[in-house]
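Fold and geometry: a report
One letter stands for each residue in the lines below.
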Amino acid sequence: MKKVGFVGWRGMVGSVLINRMLKKKDFNNIHAIFFTTSQYGKLISNLNIKNKSKKLENAYNFEKLFELDIIITCQGSQYTNRVYFKLRKMGWQGYWIDAAANLRTLDNAIIVLDPINLEYIQQKINMGIKTFIGGNCTVSLMLMALGGLFKNNLIDWISVSTYQAASGAGSKFMKELICQIQYVYKNIPSLIKNSSINILDIEQEISKQINSSNFPKNNFHVPLINSLIPWIDKKIDNSGQTKEEWKGQFETNKILNTNKIIPIDGICVRVATLRSHSQSFTIKLNKDLSIDNITNILNSHNKWVKIIPNNFNDTINFLTPSFISGKLDIAIGRIKKLNIDKNCFSIFSVGDQLLWGASEPLRRMLKLLI
């Protein structure tokens, strides 16, 4: 039974990962050892797992880490930078599975999304590759949604606008969004209940509140409620791209192991939703396909794709972050041809950032290794 170490398992992504593993009974086939950066030595009492060590281990104990067959970490880039390279330099030959972004560009690291690149993953395992990284959340969700088109080599290029939830930035950002909602409501309830007050006066008061010095915006730096932020991550070069936008093309082509680069670009936007990401795609195909053709190709690729009919009621009820959050389903709708070109069409998709966008590819990679 393989020894598997878990680091960052109490954080947001790590918690979702552990819950999924419990639900799928993945712990039955491993010996689980849980690590911590701050509470090592304490007994583990809140995890009902049979095959586990009884106490928390020090996440910086390299001797203990060296004994592991597999390390799976959701601790973040800072931990990865401190531990991964030193552990490899010591001669550790185990498998490293990571949610952090900073190893994705390495030649000997494979970005994993097995419904899309299972054969490539297996090929690299057979070649002795031992570093496997979860992809960018919007890239993984895009590939799950559009997998059929990629598999059939139908895409010339993609322009995308993402509408990314606060969870993509981390738990403290989610909490800040909730605090922003609370702050506004706490300061205007009397105005809402007073039917004699003009709605524009209420709007002006809200604007005044969110621009006050006391408004909670330490993490976002600006209000997200009643607004959006059309910029995610840092600017990377003179093209005007942010790093989040750059990942779209780089990671997609690395995951697919393409011979010819598929151009992908767009604008990444943070919106006031908590957990699920949405994406609006303009796609240029290399063939003139009907909507029925496209729908069948998308629907047949993987079992998680859920096609939402292009009508008002289905769209507003099922093609939304609030409906998809907590589900493995990848909702796809608003499929229509565009007036721009006979081979251009639009798609809107929604997926849970913490499931297929983060934890599920890691869980499935661990299962492949086991």
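Being a predicted model, the structure only gives us computed values, none of them experimental.

What about the environment of Phe35?
Within the element layout of this structure, Phe35 appears in strand E2 (residues 30–36). For the pair Phe35 and Leu65, spaced 30 residues apart in the sequence, the C-alpha separation amounts to 9.2 Å. Not counting residues within four places of it along the chain, the set of residues in contact with Phe35 comprises Gly5, Phe6, Val7, Trp9, Glu57, Asn58, Ala59, Lys64, Leu65 and Leu68.

Structural notes on the environment of Asp329
One can find Asp329 in the loop between helix H12 (321–324) and strand E12 (330–337). Under the relative-accessibility criterion, Asp329 is labelled partly exposed at 23%. For Asp329, the contacting residues outside a window of four places in its chain are Trp304, Lys306, Ile324, Val350 and Gly351.

Observations regarding the packing of aromatic side chains
For the structure on display, the rule yields 15 aromatic pairs. An angle of 40 degrees between the planes, with centres 6.3 Å apart, marks the rings of Phe27 and Phe34 as tilted. Classification of Phe27 as buried rests on a relative accessible area of 4%. Lying across the ring of Phe62, Lys86 places its NZ or CZ 4.2 Å from the centre.

Some details on the sheet that holds E12
The strand order across the open sheet formed by six strands is E9-E8-E10-E13-E12-E11, and the pairing between neighbours is mixed. The open sheet is flanked by strand E9 (264–270) and strand E11 (305–307), the only strands paired with a single partner. Mean inter-strand twist for the sheet, computed between neighbouring axes without regard to direction, equals 20 degrees. Relative to E12, E11 is paired through three bridges, and the arrangement is parallel. The residue bridging Lys306 from the neighbouring strand is Ala331, located in E12.

What to know about the pairing of strand E7 (residues 131–134)
Neither face of E7 is left uncovered, since the one carrying Thr131 and Ile133 and the one carrying Phe132 and Gly134 both have all their residues buried. In terms of strand pairing, strand E5 (residues 95–98) meets E7 through three bridges, oriented parallel. Residue Ile97 lies in a different strand from E7, and its bridge partner there is Phe132. As defined by bridge partners, strand E6 (residues 109–112) adjoins E7 across four bridges and the pair is classed as parallel. Note on E7: the bridge partner recorded for Val112 is Gly134. Once the chain exits E6 it traverses helix H4 (residues 114–126) before rejoining the sheet at E7, and the crossover so formed is right-handed.

Focus on unusual backbone geometry
For Asn153, which is not glycine, the phi torsion reads 55 degrees and is therefore positive. Take Asn153: it is sitting in the loop between helix H5 (137–151) and strand E8 (155–164). The residue Arg334 is not glycine, and still its phi comes out positive at about 50 degrees. By the secondary structure assignment, Arg334 is in strand E12. What makes Arg334 partly exposed here is its relative accessible area of 34%.

Quick notes on the nonpolar core
By size, the foremost hydrophobic cluster in this structure holds 69 residues, and its most contacted members are Phe6, Phe34, Leu146, Ile158 and Ile283. For this core, the element with the highest residue contribution is H5, accounting for nine residues. Setting aside residues up to four positions removed in sequence, Phe34 forms contacts with Phe6, Trp9, Ile18, Phe27, Ile44, Leu47, Ile49, Lys52, Lys55, Leu56 and Glu57. Counting residues in hydrophobic clusters, the runner-up holds 17 residues, among them Ile33, Ala59, Tyr79 and Tyr84.

Some details on helix H6 (residues 171–187)
Its 17 residues place the ends of H6 25 Å apart at the C-alpha level, agreeing with the 24 Å of an ideal helix rising 1.5 Å per residue. The set of residues buried in H6 consists of Phe173, Met174, Glu176, Leu177, Gln180, Tyr183 and Val184. In this fold, the buried residues of H6 make contact with helix H1 (12–23) and helix H8 (199–210).

Focus on the pattern of salt bridges
Pairing between side chains becomes possible if they bear opposite charge and their charged atoms approach one another. One pass over the structure, following the stated rule, counts 10 salt bridges. Across the pair Glu251 and Arg104 runs a salt bridge, and its minimum N-O distance is 2.8 Å. With Glu251 in helix H9 (residues 243–256) and Arg104 in the loop between E5 and E6, this residue pair connects regions lying 147 residues apart in the sequence. No difference in accessibility class separates Glu251 from Arg104, as the two residues are buried. Three or more residues are tied together by salt bridges with common partners; here these are Arg20, Asp26, Glu360 and Arg363.

About the cut-offs
Residues numbered from 1 in each chain as written. Predicted model: local features only at pLDDT ≥ 70, side-chain atom pairs only at ≥ 80, totals over all residues. Heavy atoms only, no water. Helix = DSSP H or I, 4+ residues; strand = E, 2+ residues; numbered from the N terminus. Contact = heavy atoms within 4.5 Å. Buried < 20%, exposed > 50% of the residue type's maximum accessible area, 1.4 Å probe, protein only. Phe/Tyr/Trp six-rings, centres within 6.5 Å; stacked < 30°, edge-to-face > 60°. Lys NZ or Arg CZ within 6 Å of the ring centre and 35° of its normal. Pairing = 2+ DSSP bridges. Axes fitted to C-alpha atoms, helices over the stretch in contact; angles between N-to-C directions. Right-handed = clockwise from strand over helix to strand, strands pointing away. Core = buried A, V, L, I, M, F, W, Y, C linked by side-chain atoms within 4.5 Å. Expected span 1.5 Å × (residues − 1). Salt bridge = Lys/Arg side-chain N within 4 Å of Asp/Glu carboxyl O.

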